[in-house]
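# Structure at a glance
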Amino acid sequence: MKFRRDMNILRLSGIAILLIIASGIMLGFSSDYSYFGIGFALLLMGIVAIVAIVTAAVTPEEYLIQDERSARVDEKAGYHAFCSLLLMMALLQAIGCIWRLNFNFKDVIPDLFIVGIWSWILLRWYYNRRGDAR
Amino acid sequence: MNTRIKELRARYNLTQEELAKKVGVRRETIVFLEKGKYNPSLKLAHDVAKVLETTIEELFIFDDD
């Protein structure tokens, strides 16, 4: 497995390490509860960044090229994920109206967000596999 | 849509990866192009034709129906 060490990887690694050091300072030297929350969030961001950087560094460069096909797949998946999100919202609204559920959209925003993200990921995988011959 | 990419690629002794590198796309894109599962833009069709020293008309064969 080849680990790429180009400028982008090194720069992002530096940022991730800085995030982890900042979180260590916040978690170690502060007794304030709000700083603890921020420190934990920074630590989480640092860990996610490290995982993403390592994944990108071991992936061959030719797989990361953004060519016209991958851009088209991303756009198409994004558009259809957005449509599925709108459909979900319309369905929830309709269900709320029919059964008089006294529905509050604020409560389902995280669920809708998850539906949107997963729709995009799955559609991207599907369109990437299927090709586009139409 | 049918293509002659595979045939011409073999003539120039190029692998899919080498052709992808020359054209500046992912290898997957060349795979889909060869299978006729992807409609390229005019620019990509031109770039592939240029690398394989042919014309777009000779490279891509469209069925009328």
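Residues numbered from 1 in each chain as written. Chains lettered and ligands numbered in written order. Predicted model: local features only at pLDDT ≥ 70, side-chain atom pairs only at ≥ 80, totals over all residues.

## Overview of the overall build of chain B
- Within chain B, the regular secondary structure consists of 5 helices and 2 strands.
- Its helices and strands in sequence order give chain B the pattern β-α-α-α-α-α-β, from N to C terminus.
- The 65 residues of chain B split such that 25% are buried.
- Within chain B, counting contacts between residues at least 6 apart in sequence, those at least 24 apart form 54% of the total. (Helix = DSSP H or I, 4+ residues; strand = E, 2+ residues; numbered from the N terminus. Buried ≥ 20, exposed ≤ 12 C-beta atoms within 10 Å, placed from the backbone. Contact = placed C-beta atoms within 7 Å.)

## As for the overall build of chain A
- Secondary structure summary: chain A contains 4 helices and 0 strands in total.
- Ordering the α and β elements of chain A from the N terminus gives α-α-α-α.
- The buried share among the 134 residues of chain A stands at 10%.
- Across chain A, contacts joining residues at least 24 apart in sequence account for 68% of those joining residues at least 6 apart.

## Let's talk about the nonpolar core
- In this structure, Ile 5, Leu 19, Ala 20, Val 23, Val 25, Ile 30, Phe 32, Leu 33, Tyr 38, Val 48 and Leu 52 of chain B together form the largest nonpolar core, which totals 11 residues.
- At the level of elements, helix H2 (16-23) and helix H3 (27-35) of chain B are the ones that each hand at least two residues to this core.
- Other than its neighbours up to four places away in sequence, Val 25 of chain B contacts Ile 65, Asp 67 and Arg 69 of chain A together with Ala 20, Ile 30 and Leu 44 of chain B. (Core = buried A, V, L, I, M, F, W, Y, C linked by C-beta atoms within 7 Å.)

## Here we look at the interface of chain B and chain A
- Contact with chain B, which involves 14 residues of that partner, is made by 10 residues of chain A.
- Residue assignment for the side of chain B that touches chain A shows that the elements contributing at least two residues are H2 and H3 of chain B.
- Per-element tally for the side of chain B that touches chain A: the top contributor is H3 of chain B, with 3 residues.
- Residue composition of the side of chain B that touches chain A, grouped by class: 6 nonpolar, 4 polar and 4 charged. (Nonpolar A, V, L, I, M, F, W, Y, C, P; charged D, E, K, R; others polar.)

## Notes on the packing of helix H3 (residues 68-98) of chain A against helix H4 (residues 105-130) of chain A
All names here are of chain A.
- In contact at an axis separation of 8 Å, H3 and H4 are set at 145 degrees when each is read in the N-to-C sense. Read as a crossing pair, H3 and H4 show a hand that is right-handed. On the side of H3, the interface is formed by Val 73, Asp 74, Lys 76, Ala 77, Gly 78, His 80, Ala 81, Ser 84, Leu 85, Met 88, Met 89 and Leu 92, while H4 contributes Val 108, Leu 112, Val 115, Gly 116, Ser 119, Trp 120, Leu 123, Arg 124, Tyr 127 and Asn 128.
- Residue composition of the contact of H3 with H4, grouped by class: 13 nonpolar, 6 polar and 3 charged. (Axes fitted to C-alpha atoms, helices over the stretch in contact; angles between N-to-C directions. Left-handed = near helix turned anticlockwise from the far one by under 90°.)

## What to know about the confidence of the model for chain A
- Per-residue confidence for chain A gives a mean pLDDT of 85; residues scoring 70 or more make up 98%.
- Summarising per-element confidence for chain A, the mean pLDDT is lowest in H4 of chain A (86) and highest in H3 of chain A (90). (pLDDT = per-residue confidence, 0-100.)

## Here's the deal with unusual backbone geometry
- Positive phi, normally seen in glycine, also occurs at Asn 13 of chain B, with a value near 55 degrees.
- By C-beta crowding, Asn 13 of chain B is classed as exposed, having 7 other C-beta atoms within 10 Å.

## Some thoughts on the packing of H2 of chain B against helix H4 (residues 42-51) of chain B
All names here are of chain B.
- Running from N to C, H2 and H4 cross one another at 120 degrees; their axes reach a closest spacing of 10 Å. With respect to H4, the element H2 is oriented oblique. Of the two possible hands of crossing, H2 and H4 adopt the one that is right-handed. Across the interface between the two elements, Leu 19, Lys 22 and Val 23 of H2 pack against Asp 47, Val 48 and Val 51 of H4.
- Its residues assigned to classes, the contact of H2 with H4 comprises 4 nonpolar, no polar and 2 charged. (Parallel < 35°, antiparallel > 145°, perpendicular 65-115°, else oblique.)

## Examining helix H2 (residues 33-58) of chain A
Residue and element names in this part refer to chain A.
- Counted at 1.5 Å a residue, the expected span for H2 with its 26 residues is 38 Å, and the 38 Å between its end C-alpha atoms agrees.
- Taken residue by residue, H2 has Gly 39, Leu 42 and Gly 46 as its buried positions.
- If you follow the buried residues of H2, they end up packed against helix H1 (7-29). (Expected span 1.5 Å × (residues − 1).)

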